[in-house]
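What follows is each chain in one-letter form.
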Amino acid sequence: MEISSPPEKILAALLRQAITAAYPEEAHHPIFLERPKDPAHGDWTTTWAFHRARTLKQNPRTVAESIVREVTPHPYLHAIEVAGQGFINLYLSPLAKTAILPHILERRHRYGAGQPSSEKILIEFVSANPTGPLHVGHGRGAAYGAALAQLLSFAGHTVTCEYYINDAGRQIDILALSVWLRYLEHFLSLSSLFPPNAYQGDYVRLIAAELKERHGALFVRDPTPHLAQLPPAPLPDRLDPDAVEQREARLDALIALAKQLLGPDHWAILHRLVLESQLADLRADLAEFGVHFDTWFSEQSLYDTGLVARAIEQLQTAGHCYEQDGALWFRATAFGDEKDRVLRRANGSFTYFAADIAYHLNKYERRYTHLINIWGADHHGYAPRLRAALTALGLDANRLEIHLVQFAVLYRGGEKVPMSTRAGQYITLRELRQEVGNDAARIFYLMRKSDQHLDFDLDLAKKQSADNPVYYLQYAHARIASLLREALSLVTDPDPSQALALDQTLAAVDLTPLHTSPSALTLAQHLSLFPSLIQTAAQERAPHHLLLYLKEVAARFHAWYNEERILVPDSALRNARLALARATQHVLTNGLTILGVSAPTRM
RNA sequence: GCGCCCGUAGCUCAGUGGAUAGAGCGUUGGCCUCCGAAGCCAAAGGUCGCAGGUUCGAUUCCUGCCGGGCGCGCCA
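These remarks concern the structure in this document. Owing to the predicted nature of the structure, the values given are computational and were not obtained by experimental measurement.

Of all hydrophobic cores here, the largest spans 126 residues; its most connected members are Leu 101, Ile 123, Leu 432, Tyr 445 and Leu 546. With 35 residues, the next largest nonpolar core counts Leu 343, Phe 353, Ala 355 and Leu 400 among its residues.

This is how it looks when you write it as C-alpha cells:
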C-alpha cells in the first residue's frame, strides 16, 4: 500500500463523505483527526461537531450523531461512535493497523523519509572561536545542530551544515600571543610576564611545545628590554573596572610588542600556525563526535574579499548610518533594536557585528530558502541587531531563524560541576565524550527542548543500567538483532544481501496472525506514525520529539516481546511476528541514525 | 532597569484548546525450566506557581503578580 494513503487519511475521507451527506453546506469545512490520550477513546478522534455546532444551531452531540449515521463501512474502519458531549471516536481494524508493515519492509532505511522538497536550508552551528577546546556547552549546540540537519535532510530538504570561523578578531591575536609567551618560556626566564587575561589552559603550552619542536628558536625574541614601555599591570586582587581596563590595555600593548619584535611575516606565520592547530583540533573533536560540516566559512575571508566594506557601504548608502565620537554607527533603533550599534570603531577597525552583517549578506546571496543559526544562549541580545541590519539591507529577515541553545549544567554525585571559562576551568566536550561515551552524550543533549536549561547527570549517563535512557533504546534494537540471528540460525549478523532477502520475504508474509494481539497491533500502529512524526519534528526544528517517539516505540516493543514469544514453531505465526519485529528494528535504526546515536546489534 | 527561558508527582522532566494530565528515577509488590530481566506488569504519589480574562471547553492562549535561571560591551 502507498504511504500516501495512511489509515487516518482514509478515515478522514469517510468522514468527509458522511459530512457532505449530513450537512451539504459544511462539505468544505476542514476535518482534523487527533490521537486521543486514552486508547479507550478510539484510535483517532475528531472534535468537528464542537466546532460547527454553533453555526449549525444544533448541540454537538446531535451533530456528531447525524454524521456517524452517514458513515459507510470500510475494511479499515472497525467501529465509529459518538462519545461525551460530541466527540466522534474512530476505531481502526487490525487490517488497517498492520498494513504499514510491508511498506516499512520495502522502504527499509528510507522508511519515514519525506518527498524531496524545494527547500534549501543552511544550518550554521557550533562556530566556537578557535581559541581553545570545545566545552560541554558547545557540545549541546553540536548535538542539536547535527541532529536537526539529519532530521531536515531525512524529511526531504536539501541541507548544508556550516561552521563560521572567527579567525579575524582580537581573540586569535590573544591566543597567538599566549602561545608565543609560553613558547618563549622554553628559552627565556619570563616567569611573571604571562598576563592573567591571556589564555591559561594547558593546551596553550602544548601548542607552544609543538611550535618549538617544529620550528626551533625561529620565533625567539626577548621582550624584556621593552617591558618598561608597557602599561603597568594592576595588582591581581584588584577586580574593579579600571583594573580590568588596564589589564586589557596591557594585553593589547603586548600583542603590539609581539608583532613589532617578530615582524609582520613571522607574526603572520605564528598566527596561522596557532589558528590551524586549533582548527585541526576542533575538526577532529567534532568528527569523533559524529558531527560533520560541509563548509567552513572564514571571517577573515569577508575582509579579504572586501565584503565587509561593501556591506557597510550598502547600509550607508541606504541612509541607515551616522558618525559620532569618531565611530560609524548603525541606526538599529529604527528597526526595533533597543540601541544603535557601532560598525566601525573610532580606531578605524570594524566590529564583529560589521563582519557578521557581511557574513549574513553572503548567506542570502547564496540563495537558501531558510537560514538557521544555532547560537549559545549568551548571544541572546544579539539577534535583534542582526535582524535589524538585514532588514535595513532590504532582506527578508523572516528567512533567518535563530535558535538559542541554553547551557547545560553538569552534575556529578548530585553536585553541580563548577564551570568557569576563566583560567581554563571547564569540562571539555572531549572529556565528556571520553567519560560517558558519544551515544550517551548525544542522547542526554537531545533529551530536552533546546531552548530549555539542561541538567546533565554524569553519573546517570555512565550507568549501564535500566535508569539510563540510552540503553533502553539500544537494548530494544539489540534484542531484535539477536532474534533475527536466532531465526536465521546465524552466529553473526546477516550481511546486506541476507538482510534484503529477509525483508523481501517478510514483506510478503500473511499478517492476519497478528490481528488478535492487542500489543502487536499497538506497536504496528505506532510504527505507522513515524513518517508524519518526521515531518512535524522537522518543521518544529525539534529533534527531541523524535527521541521521545523512539522511546515510545521501544516501550511498545518491550511490552509486546514480554507478552508473546516470537520464535514459535508455527511458521505462519512466527513469520508474521518476525515481520513486526524487523519493521520495528528499521524504525529504531532510522531514528537513531538521525539522532547520531549508534544502533548496536549486541550489547 | 530591559530582554529571553522556566514554574506540572518526592526528584528530573514530557505533554496538549478537549474526555480520567503522562514518562523515567525513587518507594512497594509481582514476572526468567522457554527468543537477551540493560526487560515487563501492577500499586502508591498532582490545587499543572497565584489571580483575572478569552472560549461550549484553559494545565495549554492573553494580562497582571509571585518565584527561579540566564543575558545585557566601540568583546568575539
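What follows continues from the structure just given.
Once that is clear, we can look at helix α5 (residues 100-107). Among the eight residues of α5, six are classified as buried, and the element is accordingly described as predominantly covered. Residues of α5 that are buried include every one of Ile 100, Leu 101, Pro 102, His 103, Ile 104 and Leu 105, and no others. If you follow the buried residues of α5, they end up packed against α4 (94-98), α18 (496-507), α19 (518-527) and α22 (571-595). Arg 108, located one to two residues past α5, shows a positive phi value of around 55°.

The next subject is the side chain of Ser 93. Here Ser 93 shows up in the loop between β3 (87-92) and α4. Residue class for Ser 93 comes out buried when judged on its relative accessible area of 7%. Not counting residues up to four positions away in its chain, the partners in contact with Ser 93 are Pro 75, Tyr 76, Leu 77 and His 78.

Another point: the pattern of salt bridges. For the structure on display, the rule yields 24 salt bridges. A salt bridge links Arg 344 to Glu 323, with the shortest nitrogen-to-oxygen separation between them at 3.8 Å. Note that Arg 344 is positioned in strand β9 (residues 341-344) and Glu 323 in strand β7 (residues 321-324), a separation of 21 residues in sequence. On the basis of relative accessibility, which here comes to 24%, the residue Arg 344 falls in the partly exposed class. Looking at Glu 323, the relative accessible area reads 55%, which means it is exposed. We note a salt bridge from Asp 493 to Arg 485, for which the minimum N-O separation is 2.8 Å.

Attention now goes to unusual backbone geometry. As a rule of thumb, non-glycine residues mostly have phi less than zero, and peptide bonds are mostly trans rather than cis. The backbone of Asp 325 shows a phi angle near 50°, a positive value even though the residue is not glycine. Structurally, the position occupied by Asp 325 is in the loop between β7 and β8 (327-330). One non-glycine residue with positive phi stands out, namely Ser 489, at about 55°. With respect to the helices and strands, the residue Ser 489 is situated in the loop between α17 (469-487) and α18. Judged by relative accessible area, which is 65%, Ser 489 ranks as exposed.

Pairing is antiparallel in the open sheet, where three strands are placed in the order β1-β3-β2. Looking at the sheet topology across the chains shown, the edges are occupied by β1 (44-46) and β2 (77-83). Recorded for the sheet is a direction-independent mean angle of 20° between the axes of neighbouring strands. Packed onto the sheet, helix α1 (residues 7-22) meets β1, β2 and β3 and runs at close to 135° relative to β3. Where helix α3 (residues 60-70) meets the sheet, it contacts β2 and β3, and its direction lies at approximately 160° from that of β2.

Calculation rules
- Residues numbered from 1 in each chain as written.
- Chains lettered and ligands numbered in written order.
- Predicted model: local features only at pLDDT ≥ 70, side-chain atom pairs only at ≥ 80, totals over all residues.
- Heavy atoms only, no water.
- Core = buried A, V, L, I, M, F, W, Y, C linked by side-chain atoms within 4.5 Å.
- Buried < 20%, exposed > 50% of the residue type's maximum accessible area, 1.4 Å probe, protein only.
- Helix = DSSP H or I, 4+ residues; strand = E, 2+ residues; numbered from the N terminus.
- Contact = heavy atoms within 4.5 Å.
- Salt bridge = Lys/Arg side-chain N within 4 Å of Asp/Glu carboxyl O.
- Pairing = 2+ DSSP bridges.
- Axes fitted to C-alpha atoms, helices over the stretch in contact; angles between N-to-C directions.

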